[in-house]
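The residues making up each chain are set out below.
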Amino acid sequence: MTVTATNGATGPTVQTGAPVVGFSGVSKSYGAVRAVADVSLELHPGETVALLGPNGAGKSTALDLLLGLKNADGGSVRVFGRTPAQAIAEGRVGAMLQSGGLMEEVTVRELVGLACELHPRAYPVDQVLAAAGIADIGSRMVNKLSGGQEQRVRFALATAGANDLIVLDEPTVGMDVSARQAFWATMRGQVEEGRTVLFATHYLEEADAIADRVLVLHQGRLIADGTAAEIKARAGARRITFDLEGAIDEAALRALPHLVGLEITGPTVRIRSDDADATTHAVYGLGLYPRNLEVAGLGLEQAFLAITDAATAANAYPAGAGGDEAGKR
Ligand SMILES: Nc1ncnc2c1ncn2[C@@H]1O[C@H](COP(=O)(O)OP(=O)(O)OP(=O)(O)O)[C@@H](O)[C@H]1O
């Protein structure tokens, strides 16, 4: 059963029961390109979720499907238990997309005011401008804005009313560091009021810092879904780097216990291991004398590269043969 309660006249709707977003076996192709391939996932109220993936992974297509801007070839997309179009018509979803120009021959205030007029559960325009940090440029023409200011206007358009879900496609592109920080501070406020936020990004440090859940798309498939810490752990908890003198016996290194990845560049050996203590111990056990030894945790960026590399290798060698890292996991 679905229970719906409103959080005051202008607050978001708090709903239990149906997930905020439900993708069930969703696929979308453009000709021969499978942009989204059999993706199933659920988002829950109050989550801040980052959608990561290399260029062309299918992030924008997935967001377009979620917003009903494109139709899936297969599977089902539900938003608050309804079709995307129904959820949007009810004013439950706000979106900030990369594509689409802003109306130009109007002021910032006029444009945001129009979005407020159109929203079924709108906030007062001054409140929206202030929350987006653009109250001071309300009288400026939209075509005179800097890239970062334009992004803030897009954000104001996405938050013109009491949406329960906010979808952001690379929201901080073009913003400087302080604008980015201010943007995420504003977003946190939105989450604290009970909203669910889904954002696609290429900034892995942003996903690490902001999201409490990270989804990784690769060639249209969902290859990881967890906290940033879980994804780092899955990619191999530690990185071991050292130099060796003389000829390097690669086969012996490949046989080291708990090895997840191995890279040899000249005298330098880089290992990813899911038990760095055991692997390092075994390096000494081979009678080697590693110099400049360093053991460090993987950042999300390295973890991301590790799992997307492994997914590429797994696709290239689907039987798991051929020395791909995925086969070792
Ligand atoms: N309208 C379209 N027609 C044909 N192919 C498309 C279309 N839109 C996207 N694609 C292809 O679908 C795949 C997924 O694209 P999509 O834009 O969803 O990826 P993305 O993860 O958002 O990429 P980026 O990080 O580069 O923005 C890519 O191979 C892309 O070339």
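Residues numbered from 1 in each chain as written. Predicted model: local features only at pLDDT ≥ 70, side-chain atom pairs only at ≥ 80, totals over all residues.

*Asks:* Please set out the overall build of the protein residue by residue, giving values where relevant.
*Replies:* Each helix and strand counted, the protein has eleven helices and 15 strands in total. Across the 329 residues that make up the protein, the buried fraction comes to 38%. Within the protein, contacts between residues at least 6 apart in sequence are counted, and of these 66% link residues at least 24 apart. (Helix = DSSP H or I, 4+ residues; strand = E, 2+ residues; numbered from the N terminus. Buried ≥ 20, exposed ≤ 12 C-beta atoms within 10 Å, placed from the backbone. Contact = placed C-beta atoms within 7 Å.)

*Asks:* Provide a residue-level description of the domain arrangement of the protein, including the pertinent values.
*Replies:* Each assigned domain of the protein is listed here: domain 1 (3-231) and domain 2 (236-328). Residue-level contacts link twelve residues of domain 1 with eight residues of domain 2. For the side of domain 1 that touches domain 2, the elements supplying multiple residues, two or more each, are α7 (204-210), β10 (213-218), β11 (221-226) and α8 (228-234). Broken down by element, the residue count for the side of domain 1 that touches domain 2 peaks at three residues, all from α7. Partitioning the side of domain 1 that touches domain 2 into residue classes produces nine nonpolar, two polar and one charged. (Domains from an automatic or database assignment. Nonpolar A, V, L, I, M, F, W, Y, C, P; charged D, E, K, R; others polar.)

*Asks:* Give a description of the site of the ligand that names residues and reports values.
*Replies:* Around the ligand, the neighbouring residues are Y30, V33, A35, G53, N55, G56, A57, G58, K59, S60 and T61. The set of elements that each furnish at least two residues to the shell around the ligand consists of β4 (33-43) and α1 (59-66). Looking at the shell around the ligand element by element, the count peaks at three residues for α1. Broken down by class, the residue content of the shell around the ligand amounts to four nonpolar, six polar and one charged. (Near = placed C-beta within 6 Å.)

*Asks:* Can you tell me about the sheet that holds strand β7 (residues 93-96), naming the residues and giving the values?
*Replies:* One open sheet holds the six strands; their spatial order is β7-β8-β9-β5-β10-β11, and the pairing between them is mixed. Edge strands, defined here as strands with exactly one partner in the open sheet, are β7 and β11. Ignoring strand direction, the axes of neighbouring strands in this sheet form an average angle of 15 degrees. Strand direction decides the pairing type here: strand β5 (residues 48-52) and β10, joined by four bridges, are parallel. Along β10, the bridge assignment pairs V49 with R213. Most of the contacts of α1 go to strand β8 (residues 165-169), to which it runs at about 150 degrees, and overall it touches β5, β8, β9 (196-200) and β10. Packed on one face of the sheet, helix α5 (residues 147-158) meets β7 and β8 and runs near 170 degrees to β7. (Pairing = 2+ DSSP bridges. Axes fitted to C-alpha atoms, helices over the stretch in contact; angles between N-to-C directions.)

*Asks:* Go over the confidence of the model for the protein with me, naming the residues and quoting the values.
*Replies:* Across the protein, the average pLDDT comes to 85, with 89% of residues at or above 70. pLDDT under 50 marks residues 319-329. Its contacts with residues more than four places away, or in other chains, come to 18 contacts. (pLDDT = per-residue confidence, 0-100.)

*Asks:* Can you lay out the nonpolar core for me, pointing to particular residues and giving the numbers?
*Replies:* Ranked by internal contacts, the top residues of the largest apolar core, which has 73 residues, are L51, V112, A156, V167, V216 and I307. In terms of residues, this core owes the most to one element, helix α11 (residues 300-316), which gives seven residues. Shared between two domains, this core takes at least three residues from each, and those domains are domain 1 (3-231) and domain 2 (236-328). (Core = buried A, V, L, I, M, F, W, Y, C linked by C-beta atoms within 7 Å.)

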